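# Notes for the structure review
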Amino acid sequence: MRAFLVYDPVMIASSGDALSGAGFVDAIRQKLLPLIDCLTPNLAEAAALLGEPVAGSEADLARQGAALLRLGPRAALMKGGHLEGDEAVDLMVTSEGVDRYAAPRIGSRNLHGTGCTLSSAIAANVVLGAPLPEAVAAAKAFVSEAIERGRRVTLGAGAGPLIQGRLRTKL
């Protein structure tokens, strides 16, 4: 049985700071993306991988997700947490279509690691036997709960981490 690969392309922080050097994006496009089962870019990372402006709407997210699929991954979970609105919306784009995952936006400054946590929770749920759509739904619920748990916590002066509980699955 082949491993299921979830890849969070940690290239650009939510703050907009670049986390990688020259040539990194080309290497990801050419060498890594064809191996990936589920790519989970944030808005800035998707834009960098495509050489396009950052998505500003769900329609842009869906279009960019489809463009990323042409680079090789079997699914692209387009993380739209930085889009405007009352909901935090992610779109999973596959060759079969687009699935929308939404949760109420939770006001918190403690959002450090949300993308990495989401990707890890997706992978954990897949390993536990969940099909990808269910794994994404469970992971999104897990991250939303962690944001809610941590929203009133003060740790230091900057953005704090999520406060995580147990990973729950429907299996």
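This write-up is about the structure you can find in this document. (Residues numbered from 1 in each chain as written. Predicted model: local features only at pLDDT ≥ 70, side-chain atom pairs only at ≥ 80, totals over all residues. Heavy atoms only, no water.)

## Quick look at the overall build of the protein chain
In plain terms, the rule: We count a stretch as a helix when DSSP gives it H or I for four or more residues in a row; a strand needs E for two or more, and each element gets its number in order from the N terminus. Burial classification: accessible surface area is computed with a 1.4 Å probe over protein chains only, and a residue below 20% of its type maximum counts as buried, one above 50% as exposed, and the rest as partly exposed. Contact criterion: two residues are considered in contact whenever any of their non-hydrogen atoms come within 4.5 Å of each other.
The helix and strand inventory of the protein chain stands at five helices and five strands. Counting helices and strands in the order they occur from the N terminus, the protein chain gives β-α-β-α-α-β-β-β-α-α. By the burial criterion, 41% of the 171 residues in the protein chain qualify as buried. Counting contacts in the protein chain only where the partners sit at least 6 residues apart, residues at least 24 apart contribute 57% of the total.

## Observations concerning the pattern of salt bridges
Spelled out, the test is: In what follows, salt bridge is the name for a side-chain nitrogen of Lys or Arg lying within 4 Å of a carboxyl oxygen of Asp or Glu.
Under the definition given, this model contains seven salt bridges. In this structure, Arg63 and Glu52 form a salt bridge, with 3.1 Å as the shortest nitrogen-oxygen distance. Of this pair, Arg63 sits in helix 3 (residues 58-69) while Glu52 sits in the loop between helix 2 (43-50) and helix 3, placing them eleven residues apart in sequence. Across the pair Asp90 and Lys140 runs a salt bridge whose closest N-O atoms are separated by 3.0 Å.

## Some words on helix 3
Residue pairs three or four apart in sequence face the same way in an α-helix, which turns once every 3.6 residues. Going by this rule: Here, expected helix span is obtained from the residue count minus one, scaled by 1.5 Å.
In this model helix 3 runs 17 Å from its N-terminal to its C-terminal C-alpha over twelve residues, within 8% of the 16 Å that 1.5 Å per residue would give. Every buried residue of helix 3 is accounted for by Leu61, Gln64, Gly65, Ala67, Leu68 and Leu69. Buried residues in helix 3 make contact with strand 2 (38-39), helix 2, strand 3 (75-80) and strand 4 (87-94).

## Observations concerning the nonpolar core
What counts, and what does not: Nonpolar core, defined: a set of buried Ala, Val, Leu, Ile, Met, Phe, Trp, Tyr and Cys residues in which side-chain atoms within 4.5 Å join the residues together.
Ile28, Leu39, Leu49, Leu61, Leu68 and Met78 are the most contacted members of the largest nonpolar core, which has 22 residues in total. Contributions of two or more residues to this core are made by helix 1 (24-32), helix 2, helix 3, strand 3 and strand 4. In contact with Leu49, not counting residues within four places along its chain, are Pro9, Met11, Val25, Ile28, Arg29, Leu39, Leu68 and Leu71. One finds Leu132, Phe142, Val143 and Ile147 within the second-largest nonpolar core, a separate group that totals 17 residues.

## Let's talk about the pairing of strand 5 (residues 97-104)
For clarity, the cut-off: DSSP bridges decide pairing: two strands pair if at least two such bridges lie between them.
Here strand 4 pairs with strand 5 via eight bridges, running antiparallel. Bridging across to strand 5, Thr94 finds its partner in Gly97. Hairpin connection from strand 4 to strand 5: two residues lie between these consecutive antiparallel strands.

## As for the packing of helix 4 (residues 114-127) against helix 5 (residues 132-150)
For the record, the criterion: Helix axes use the C-alpha atoms of the stretch in contact, all axes being lines fitted to C-alpha atoms, and the angles between their N-to-C directions lie in the range 0 to 180 degrees. Convention used here: angles under 35 degrees read as roughly parallel, angles over 145 as roughly antiparallel, angles from 65 to 115 as roughly perpendicular, and any remaining angle as oblique. Rotating anticlockwise by less than a right angle from the far helix to the near helix defines a left-handed crossing, while the corresponding clockwise rotation defines a right-handed one. Residues are grouped as follows: Ala, Val, Leu, Ile, Met, Phe, Trp, Tyr, Cys and Pro are nonpolar; Asp, Glu, Lys and Arg are charged; all remaining types, including Gly, are polar.
Two numbers describe how helix 4 lies on helix 5: the axes approach to 8 Å, and their chain directions differ by 140°. Comparing their axes, helix 5 and helix 4 come out oblique. The two elements helix 4 and helix 5 meet at a crossing, and its hand is right-handed. Contacts between helix 4 and helix 5 involve Thr114, Thr117, Leu118, Ala121, Ile122, Asn125 and Val126 from the former and Leu132, Ala135, Val136, Ala138, Ala139, Lys140, Phe142, Val143 and Ile147 from the latter. Residues of the contact of helix 4 with helix 5, tallied by class, amount to twelve nonpolar, three polar and one charged.

## Notes on the environment of Glu145
Mapped onto the fold, Glu145 is located in helix 5. Of the residues examined, Glu145 reaches a relative accessible area of 28% and is grouped as partly exposed. Through-space distance from the C-alpha of Glu145 to that of Ile106 is 9.7 Å; in sequence the pair is 39 residues apart.

## Section: the pairing of strand 3
The element strand 3 is largely enclosed, with a buried count of six among its six residues. Here strand 3 shows two buried faces, one formed by Ala75, Leu77 and Lys79 and the other by Ala76, Met78 and Gly80. Where strand 3 and strand 4 come together, six bridges link them in antiparallel fashion. Of the residues in strand 4, the one forming a bridge with Gly80 is Val89. Here strand 3 hands over to strand 4 after six residues, with Gly85 in that stretch at a positive phi of 135°.

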